[in-house]
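# Residue-level structural notes
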Amino acid sequence: MPLPAALRQYLDRFGATGSLLCAVHCAVLPALLAIAPSLGLSFWLSDSVELTVVIFVTVLGLASLLWGYYRHRALRALAVLVPGLVLLWAGLLHAELHHSQVPHAIVMTLGGVLVALAHLLNLRLNHHHVHDASCAH
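Just so it is clear, the model here is predicted, and its values are computed rather than measured. (Residues numbered from 1 in each chain as written. Predicted model: local features only at pLDDT ≥ 70, side-chain atom pairs only at ≥ 80, totals over all residues. Heavy atoms only, no water.)

### Quick notes on the UniProt feature "transmembrane region" (unreviewed entry) in the chain
On the UniProt side, "transmembrane region" (unreviewed entry) is annotated at positions that read residues 20-45, 51-70, 77-95 and 101-121 here. End C-alpha to end C-alpha, residues 51-70 measures 28 Å, and it is 100% helix and 0% strand. (UniProt positions renumbered as here; feature names shortened; annotations may be inferred. Helix = DSSP H or I, 4+ residues; strand = E, 2+ residues; numbered from the N terminus.)

### A closer look at helix 3 (residues 76-93)
Along its 18 residues, helix 3 runs 26 Å from first to last C-alpha, staying within 8% of the 26 Å computed at 1.5 Å per residue. Within helix 3 the residues assigned to the buried category are Ala-77, Leu-78, Leu-81, Gly-84, Leu-85, Leu-88, Gly-91 and Leu-92. In an axial view of helix 3, the angular spread of the buried residues amounts to 155°, which keeps them on one side of the axis. Seen from the buried face of helix 3, the exposed residues on the opposite side, beyond 90 degrees, are Arg-76, Ala-79, Val-86 and Leu-93. (Expected span 1.5 Å × (residues − 1). Buried < 20%, exposed > 50% of the residue type's maximum accessible area, 1.4 Å probe, protein only. Arc of directions from axis to C-beta.)

### Examining unusual backbone geometry
For Arg-73, which is not glycine, the phi dihedral falls at a positive 60°. Following the sequence through the fold, Arg-73 ends up in the loop between helix 2 (47-72) and helix 3. The class for Arg-73 is partly exposed, based on a relative accessible area of 41%.

### Regarding the nonpolar core
Counting 14 residues, the largest nonpolar core has Val-54, Val-57, Leu-65, Leu-81, Leu-85, Leu-88 and Val-115 as its most contacted members. Of all the elements in the fold, those that place two or more residues in this core are helix 2, helix 3 and helix 5 (101-127). In terms of residue count, the dominant contributor to this core is helix 3 (six residues). Those residues in contact with Leu-88, other than ones at most four positions away along the chain, are Val-54, Val-57, Met-108, Gly-111, Gly-112 and Val-115. (Core = buried A, V, L, I, M, F, W, Y, C linked by side-chain atoms within 4.5 Å. Contact = heavy atoms within 4.5 Å.)

What follows is the structure, encoded as structure tokens:
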């Protein structure tokens, strides 16, 4: 089912923005751990919020980039997305990585940046797509 161009662009922009915000969150997390309780922000540092964000980023990223692949047939965006998602899930599920502040922040930040770059690349590929006889849609 093809998506309208405006919705495709919105999904990629939304995904890229969300992934970059996730990366910033993960980079700043170690500093926030020290001051979060005094600011009343400790809820945002919980494992359940992190799990929810990673699930959302995964679903949005896969849906958006698979629809994009259906349109432009280039694997480049997916080749950037998959390592980003692997890093996010490793940072979340690998116990030693998850409970070490600095390695966790590095892995999650890098994963978020890769997911954001994948959305931006998909947006660019969709923008430069040319309709011709090889189109599958």
